[in-house]
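# Structural overview
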Amino acid sequence: MKERTKKSFISIAACSCLALSLNLSAAESVKLEAIEVNSVGDNISESGIDEGFLTKNVQNGILAGKKVIDLPYQINTITKETMNHQGVTGFEEAVKYFPSAQVQMRGGTTVGRPQTRGFEGSVVGNVFWDGFYSVSTTAIPMAMFESLQIQNGIAGSLYGTQRPVGTFNYTRKRPVDNEHTIWSDYTSRSNFGLGLDSSMKFEKFGYRTVFYGSDGAKQVKGSNYQRRLASAVLEFYPTDALTLETAASYYEHNTRGFAGLFALYVKDGRIRNDLALPKAVDNKTKGLGQPYGGMKLKTTMLSAKFKYYPLEDWYFEGGFAWQRADRDIHSIVNRIKDKNGNYDTYHSGGATAAYRFDLPSGYLKAVTDFDTWGLNHDFIVQLNGYRYDQVRYKNVSTNKLVGSANINDPKIFPNTTATRGSGLYKLSESYMTNVSLLDDITINENFSLMLSASNAWMKVKSRGVGKTADPLKKTYDESGLSYGASLIYKPNQNTSFYLTYADSLLEGEQKNNLDGSVTILKPYRSKQYEIGAKTRVGELDLSAAVFKIQRPIAYQSTSSGTWGMYGEQVNHGFEFTAGGKLTNDLSVFGGVALIDPKFKNPLLKDAHDKVVNGVPKVNSNLLFDYVVPNTNKLAFSANFHYTGKMYLDDLNTRSTPSFFVTDLGVRYASKALLGKQTTIRFNVNNVFNKKYWAGMYPASADGAGTSSSVLGVANGLSLGDSRTFMLSAEIKF
């Protein structure tokens, strides 16, 4: 009865908003002024989705400047307008709008690893900020970015060694002329934020600064969700052909009191017979987490680059960046111990894996255009690389059992004696240097050929865990080629078809075997076969692809205790995306990903041809945005998200239920209130308060349950977010 009352209230509220829209239709029409474009593409609309995605440019990297419709890859973009209207504050909230992308929830969504097409990314290699490598497993503040652009699939021939996950490209907000915005926001239960975005652009100089802070309980009573952001971009224009860009940012992301992970023990590729996954509950229930459990994340980044256009047929770009990510994680893990939802709660005093990542990186790119034997070549060469340092505690953090409870009757336990680690030391330095070549060959007005190749050099210097007195020694030194080839057919300017093959290198690993010996794994290869099509029908963009991706999987044998490459993960899939205007007033962005992820020939013989755990076979998201006719003031949005079931073990004996979540939003903009324009937004996510398991962290690559993971011999599951109310007000002046 209580749930029915809530739904009735929501329906009444929706009817009230509709009545308001009818009244506004009869009022004086005030057209919203256009938003100036600085990095995403042409004609960015107020909705952020009605201009589609195929006409956008690639923002960074070796493909920068090329139109998405002309490329043999599936590339999608979410803009700052869309993020603002939907109340998106972090990557973990933005990723749901990309049907083929997800987060592998290690310790929850905030520090999870990004993934596309059913493959997880690495800490370094798949994520870029303004073309520079970035740590993926830390909080990312979307307020400082103009857009997030995701390229699905294998991209090693473009950027060097990386997992077959593609790229996640963030583009900073850059200077524009005389644009200043102040905003405030509220998120239930009592989290308040205040932000400022200010920019000016002069003849020889421009700046863009973004500041944001929030504090207070979010959802869970007694919790705390605190963010502190300062970002600045300075640009200098010495000549018409030369631009110098510098950027600096600092971000703190502190949480405590939120629901912890729920762990299920794995044995021989299956969830233990005496355990069962309980029915999901409301994640804002107090006691699912503990007031002393949470995380303190700090990310600092500095960068400088140049862009130089000396001649009509030559362009140069390059720069250097340094990033530090500190992760002080006081995790709460609720270990399920029977089939009735009873669990033991454990508290970690601090980070048990790496506490700090230091990441200097850089790139240098040259672009030219020339003709040979009737063929036009858009030729690009890029040198890029990084050094990735892991810093850990010599005296490791401890874990303590704090109490026992039931998922339907959770409890708050007294603070524990779990201790934070001490004695920071550098465990390892990983180096990657890469040279990539790209030749985009125009054969005639209908056909083109895109060839790419890269050669990467990989080195690792490390010392034994806790052996702070030992010097760093070279333990890994390998190199190898990655390559890709695509044939593109364009029957007209608004349609393209393509065939793509890619073979990409990924750095092997150095691992300690059970007997104390060391295994050094050679680099291994991922392969991708893809057929795709893109078209623009009126003002609606459509894009689809079928693909096959395969990669070896490396893990520790539970019988011999030896690390090795045992079998493959092979994913077949289909993805479809639509974006743009359905009518003059209704826009859409979203699609569906169908993936068949299978284990092939693993050590666990019964897991052959089983579905990879933690990867849904169906994932879909559709965002609709409706502007009330004749007002240009009032708009409504509705987002529908579906994720299919996820298997919890290699033998596919247990799974999470599928879930469907609805989000609704309304916004009102006016030039008659304050400043140049005032925009008020109200959003409700998970309108019907669906209770669901959002994702998982597998114990090991093959699900066998080795002790090599953070959770040891258990798979960790995260609850989905319950109903959330968000209200914001923005003033441009």
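Predicted model only: the values in this text are computed from it and were never measured. (Residues numbered from 1 in each chain as written. Predicted model: local features only at pLDDT ≥ 70, side-chain atom pairs only at ≥ 80, totals over all residues. Heavy atoms only, no water.)

### A few points about the overall build of the protein chain
Keep this limit in mind: Numbering goes from the N terminus for both helices and strands, where a helix is a DSSP run of H or I of at least four residues and a strand is a run of E of at least two. Exposure is judged per residue with a 1.4 Å probe applied to protein chains only, and the accessible area is read against the type maximum: over 50% gives exposed, under 20% gives buried, and values in between give partly exposed. Residues count as neighbours in contact if any of their non-hydrogen atoms are within 4.5 Å of one another. Note on areas: these come from Shrake-Rupley sampling with a 1.4 Å probe, and a residue is covered only by the protein chains present in the view.
Counting its regular elements, the protein chain contains four helices and 41 strands. Counting only C-alpha atoms and orienting by the principal axes, one finds that the protein chain spans roughly 70 × 70 × 45 Å. The proportion of buried residues among the 733 residues of the protein chain is 59%. Considering only contacts within the protein chain whose residues lie at least 6 apart along the sequence, 68% involve residues at least 24 apart. Working note: accessible area of the protein chain is about 28,700 Å², and carbon and sulfur atoms make up 57% of it.

### Looking at unusual backbone geometry
Omega for the peptide link from Ser188 to Arg189 comes to 25°, which places this bond in the cis form. With respect to the helices and strands, the residue Arg189 is situated in the loop between β9 (179-187) and β10 (191-201). With phi around 50°, Asn178 is a residue other than glycine that occupies positive phi space. With a relative accessible area of 36%, Asn178 lands in the partly exposed category.

### Things to note about empty space enclosed by the protein
We count it as follows: Space inside and on the surface of the protein is sampled on a 1 Å grid over the protein atoms alone, with a cavity defined as a set of points where a 1.4 Å probe fits but cannot get out and a pocket as an open set with protein on both sides within 12 Å along at least 5 of 7 lines; lining residues have an atom within 4 Å of a point. Grid points are joined across faces, edges and corners, and a volume is the space filled by probe spheres set on the points. Residue polarity follows a fixed list, in which Ala, Val, Leu, Ile, Met, Phe, Trp, Tyr, Cys and Pro are nonpolar, Asp, Glu, Lys and Arg are charged, and the others, Gly among them, are polar.
Tallying each qualifying case throughout the model produces nine cavities of 30 Å³ or more. Of the volumes computed, that of the largest cavity is approximately 70 Å³. Taken together, Gly61, Phe128, Gly131, Phe132, Tyr133, Tyr159, Ser361, Gly362, Tyr363, Gln382 and Asn384 make up the lining of the largest cavity. No other element matches the three residues that strand β20 (residues 356-372) contributes to the lining of the largest cavity. Residues of the lining of the largest cavity, tallied by class, amount to five nonpolar, six polar and no charged.

### Details of the confidence of the model for the protein chain
Under the convention used in this document: Per-residue confidence from the predictor is reported as pLDDT, a score between 0 and 100.
The pLDDT averaged across the protein chain works out to 89; a share of 92% of its residues lies at or above 70. Between residues 1-45, whose pLDDT stays under 50, and residues either more than four places distant or in other chains, the model counts 73 contacts.

### Concerning the pairing of strand β17 (residues 314-330)
Note the threshold: In this description, strands pair whenever DSSP reports at least two bridges between them.
Pairing analysis gives 16 bridges linking strand β16 (residues 294-311) to β17, with the strands arranged antiparallel. Looking at the pairing, Ala304 lines up with Phe320 of β17. Hairpin connection of β16 to β17: two residues between the antiparallel strands. Where β17 and β20 come together, 13 bridges link them in antiparallel fashion. Bridge pairing links Gly318 to Leu364 in β20.

### A short note on the side chain of Asp338
What counts here: Charge convention: Lys and Arg are scored as positive, Asp and Glu as negative, and His as well as the terminal groups of each chain are ignored. Here, a salt bridge means any side-chain nitrogen of Lys or Arg that lies within 4 Å of a carboxyl oxygen of Asp or Glu. Between N or O atoms, a polar contact is any pair within 3.5 Å; within protein, one atom must be a potential hydrogen donor and the other a potential acceptor, and residues adjacent in sequence are included only when both atoms are from side chains.
Considering the arrangement of structural elements, one finds Asp338 in the loop between β18 (332-336) and β19 (342-348). Comment: no salt bridge for buried Asp338; closest opposite-charge side chain is Lys337, at 6.6 Å. Within the local environment of Asp338, its side chain forms a polar contact with the backbone nitrogen of Asn340, the two atoms lying 2.8 Å apart. Apart from the residues lying within four places of it in its own chain, the contact partners of Asp338 are Asp274, Leu275 and Ala276.

### Some words on the sheet that holds strand β7 (residues 145-151)
A sheet is described by the order of its strands in space; here five strands give the open sequence β1-β7-β8-β5-β6, paired in mixed fashion. Strand pairing shows two members of the sheet lacking a second neighbour, β1 (75-79) and β6 (132-133), which therefore form its edges. In this sheet, strand β8 (residues 167-172) lies alongside strand β5 (residues 127-129) in parallel orientation, the contact comprising three bridges. Among the inter-strand pairings, Trp129 is bridged to a residue of β8, identified as Tyr170.

### Section: the nonpolar core
Short version of the rule: Within this scheme, the nonpolar core is defined by two criteria: the residues are buried Ala, Val, Leu, Ile, Met, Phe, Trp, Tyr or Cys, and they are joined through side-chain atoms within 4.5 Å.
Ranked by internal contacts, the top residues of the largest apolar core, which has 79 residues, are Leu63, Leu148, Phe168 and Tyr170. If near-sequence neighbours (up to four positions away) are discounted, Tyr170 is found in contact with Asn60, Phe91, Val127, Phe128, Trp129, Asp130, Ile140, Met142, Phe145, Ser147 and Leu148. In terms of nonpolar packing, the next biggest core, distinct from the first, is built from 21 residues, Phe262, Val266, Ile332 and Tyr343 among them.

### Focus: the packing of aromatic side chains
Going by this rule: Only rings of Phe, Tyr and Trp enter the pairing, Trp through its six-membered ring, and a pair is recorded when the two centres are within 6.5 Å. The plane angle decides the type: under 30 degrees is stacked, over 60 is edge-to-face, the rest tilted. Throughout this description, the term charge over a ring refers to an Arg CZ or Lys NZ atom that lies within 6 Å of the ring centre and within 35 degrees of the ring normal.
Following the criterion strictly, the structure yields 29 aromatic pairs and no others. Consider the rings of Phe202 and Phe205, whose centres lie 6.5 Å apart with planes at 5°: the pair is stacked. By relative accessible area, which is 27% here, Phe205 ends up partly exposed. Look at Phe659 and Tyr692: their rings are 4.2 Å apart centre to centre, the planes differ by 25°, and that puts the pair in the stacked class. Of the two residues, Phe659 sits in strand β37 (residues 659-670) while Tyr692 sits in the loop between β38 (677-685) and β39 (693-697), which places them 33 residues apart along the sequence. Of the two residues examined, Phe659 and Tyr692, each falls in the buried class. By the ring-pair criterion, three or more aromatic residues cluster together here, those being Phe91, Trp129, Phe145, Phe168 and Tyr170. One residue, Lys218, lies across the ring of Tyr225, its end atom 4.3 Å from the ring centre.

### Some points on the pattern of salt bridges
Taken as a whole and judged by the stated rule, the model has 41 salt bridges. Between Asp541 and Arg536 there is a salt bridge whose closest N-O contact spans 2.5 Å. The two residues Asp541 and Arg536 agree in class, both being buried.

### Concerning the pairing of strand β29 (residues 524-537)
On β29, burial follows the alternation: Tyr524, Ser526, Gln528, Glu530, Gly532, Lys534 and Arg536 on one face are buried, whereas Arg525, Lys527, Tyr529, Ile531, Ala533, Thr535 and Val537 on the facing-out side are not. Here strand β26 (residues 495-506) pairs with β29 via twelve bridges, running antiparallel. Across the sheet, the residue bridging to Leu499 is Ile531, located in β29. As defined by bridge partners, β29 adjoins strand β30 (residues 540-556) across eleven bridges and the pair is classed as antiparallel. In the sheet register, Val537 faces β30, and the bridge partner there is Leu540.

### Focus: a nonpolar patch on the surface
What counts is decided by this rule: For patch building, the residue pool is restricted to those with more than 30% relative accessible area and no salt bridge; the joining distance is 9 Å between like charges and 5 Å between nonpolar side chains (Val, Leu, Ile, Met, Phe, Trp, Tyr).
Among the surface-exposed residues, Ile443, Phe447, Leu487, Tyr489, Phe497, Leu499, Ile531, Val546, Phe574 and Leu594 lie close enough to one another that they form a single nonpolar patch of about 810 Å² accessible area. Of all the secondary-structure elements, those providing two or more residues to the nonpolar patch are β25 (473-492) and β26. Along the chain, Leu487 falls in strand β25. Given a relative accessible area of 38%, Leu487 falls into the partly exposed group.

### As for the environment of Asn571
If you trace the backbone, Asn571 turns up in strand β31 (residues 563-581). Along the chain, Asn571 and Gly118 lie 453 residues apart, while their C-alpha atoms are 7.2 Å from each other. Among residues more than four places away in sequence, those in contact with Asn571 are Arg117, Gly118, Phe119, Phe547, Lys548, Ile549, Ile595, Asp596, Pro597 and Lys598. At 2.8 Å, the side chain of Asn571 and the backbone oxygen of Arg117 are in polar contact. Polar side-chain contacts of Asn571 include one of 3.2 Å to the side chain of Gln569.

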